[in-house]
Amino acid sequence: MFKHLSAVPGDPLLALIIAHRNDPNPNKVDLGVGVYKDDNGNTPILNSVKKAEAILLQQEDSKSYLGINGAPEFAAVIQELLLGKDNTIIKDKRIFSAQTPGGTGALKVAADFIGSSLPNPKIWVSDPTWGNHLPIFRSAGLSIETYPYYDPETNGVRFDDMMKTLKADAKAGDTILLHACCHNPTGVDLSFEQWQEVTSFVAERGLLPLVDAAYQGFGDGLDEDMAGLRHMASIIPNMLICNSFSKNFGIYRERCGGLSVIAETSEEASNAYSIIGLAIRANYSMPPAHGAAVVYTIMNDPELKAEWVEEVSAMRNRINTLRNQLVEKLAASNTKKDFSFIRAQRGMFSYSGLTVDQVHTLRNDYSIYIADTGRMNVAGITDNNIDYLCDAIATVVG
Ligand code: LMR
């Protein structure tokens, strides 16, 4: 039955984790997959999470199914974090949110919803975008188009080209994928003014925004990072938002995220939500409980919430400090390449501008693991490895 099958290469990012794990070099550096690390190179469990888990251990009284959409307390937390507590969209019940297995689960369900509910489902994604976006959308049968985004010349956004392409080719009813903040893989975000311009265009053309919010809190702050999304939600009547709590609660392996649908009226949102429920049932039936229980236990306890907000700030500040140190040390290493653009990038990732050959030399000769695209996970840098890293980059780049 399976004789005709041959092995296919796995996801390159996940292959990088294995390659790093199997590398015996004691100086190896992992700047691959997007996981936060502390200065010892560990991915710690947040204190607020540990405390919430202790509470849950005492209080949890059943492991029965949660239901397709997950816990209602969790939906409230998602909405408050994404839109802000007093948002009228929440008060008017124009938003419904489902608990999903990570941001990936949310994206898959959103894609299935688009595929089953919109005529000629087509999605516009940034060039480049997160490597897993394309297989997810393809698997739901969406046709995919790209809009220009990253400019390797300026290390910024090709905003004029982006708008030109969308204005020329996006059709009413198409979906447009936007990264709420901390663009993955580039680390280059739209400015607030650019969000405003995109919003006006999306409104005028009648597009459906699908916003991927996987790194809230890692850019400029929990509220600051949602400024563009909140502006868009205040203007555009219909929207899908996929969010992840993997990074900002550090609960990667618990698979915890959410899919929210916003519509013009509460009834429309509720109708769309019922179709989302069918997609959930067909994909994984019901979501896992633990991660979401941790999140709402923290968010509904003022002391734990304050501690978590501090912990998110600490992760963000460490990454931003590392960005500055990286730029300074690379400049001091006399490499001919100017890396100062790394300072302005946001979130865990930096598109470093390293070529695929340079990335391979760093991997093969120095055991430094960076994605082939040149995307570095800045959070993988430590006091112990930064000099080694900068010397190696300077040698390879020249
Ligand atoms: C990443 O881009 O590294 C993360 O989102 C992890 C993943 O699943 O790819």
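The rules we used
Residues numbered from 1 in each chain as written. Predicted model: local features only at pLDDT ≥ 70, side-chain atom pairs only at ≥ 80, totals over all residues. Pairing = 2+ DSSP bridges. Helix = DSSP H or I, 4+ residues; strand = E, 2+ residues; numbered from the N terminus. Axes fitted to C-alpha atoms, helices over the stretch in contact; angles between N-to-C directions. Contact = placed C-beta atoms within 7 Å. Domains from an automatic or database assignment. Core = buried A, V, L, I, M, F, W, Y, C linked by C-beta atoms within 7 Å. Buried ≥ 20, exposed ≤ 12 C-beta atoms within 10 Å, placed from the backbone. Parallel < 35°, antiparallel > 145°, perpendicular 65-115°, else oblique. Left-handed = near helix turned anticlockwise from the far one by under 90°. Nonpolar A, V, L, I, M, F, W, Y, C, P; charged D, E, K, R; others polar.

1. Focus: the sheet that holds strand E4 (residues 143-148)
In step 1: Read across the open sheet, the seven strands follow the order E2-E10-E9-E8-E7-E3-E4; overall the sheet is mixed. For this open sheet the edge positions go to strand E2 (95-100) and E4, each flanked by a neighbour on one side alone. When strand polarity is set aside, the average angle formed by the axes of neighbouring strands in this sheet is 25°.
In step 2: Across six bridges, the pairing between E2 and strand E10 (residues 257-262) is antiparallel. Bridging across to E10, glutamine 99 finds its partner in glycine 258.
In step 3: Seen against the sheet, helix H7 (residues 159-169) touches strand E3 (122-127) and E4 and runs at an angle of roughly 140° to E4.

2. Description of the domain arrangement of the protein
In step 1: Partitioning the protein into domains gives domain 1 (12-45 + 305-397) and domain 2 (65-300).
In step 2: Computed from C-alpha coordinates alone, the two centres of domain 1 and domain 2 are separated by 27 Å.
In step 3: If you look at the interface, domain 1 gives 25 residues, while domain 2 gives 24 residues.
In step 4: Within the residue set of the side of domain 1 that touches domain 2, elements represented by two or more residues are helix H12 (302-332) and strand E11 (349-351).

3. What about the nonpolar core?
Side chains of nonpolar character tend, in soluble globular proteins, to be buried together.
In step 1: The biggest cluster of nonpolar side chains holds 111 residues, and the ones touching the most others in it are Ala110, Leu229, Leu240, Cys242, Val295, Met348 and Ile370.
In step 2: Counting residues per element, this core draws most heavily on H12, which supplies eight residues.
In step 3: Two domains each provide a minimum of three residues to this core, namely domain 1 (12-45 + 305-397) and domain 2 (65-300).
In step 4: Those residues within four positions of isoleucine 370 in sequence are excluded, and the remaining contacts are Leu31, Gly32, Leu354, Val359, Leu362, Arg375 and Met376.

4. Things to note about the pairing of strand E8 (residues 208-213)
In step 1: Within E8, six of the six residues are buried, which leaves it mostly tucked inside the rest of the structure.
In step 2: Of the two faces of E8, the one carrying Leu208, Leu210 and Asp212 and the one carrying Pro209, Val211 and Ala213 are both buried.
In step 3: Where strand E7 (residues 175-179) meets E8, five bridges bridge the pair, whose relative direction is parallel. Bridging from a neighbouring strand, leucine 178 pairs with valine 211 of E8.
In step 4: Relative to strand E9 (residues 239-244), E8 runs parallel, the two sharing four bridges. Within E9, the position partnered with alanine 213 by the bridge is asparagine 243.

5. Here's the deal with the packing of helix H8 (residues 192-205) against helix H9 (residues 227-235)
Packed helix pairs are specified by the crossing angle of their axes together with the interaxial distance, meaning the distance between the axes.
In step 1: At their nearest, the axes of H8 and H9 sit 9 Å apart, and the two run at 25° to each other. One finds that H8 runs roughly parallel with respect to H9. Helix-helix and strand crossings are classified by hand; for H8 and H9 the assignment is right-handed. Contacts between H8 and H9 involve Phe192, Trp195, Gln196, Thr199 and Ala203 on the former and, on the latter, Ala227, Gly228, His231, Met232 and Ile235.
In step 2: Classifying every residue of the contact of H8 with H9 gives six nonpolar, four polar and no charged.

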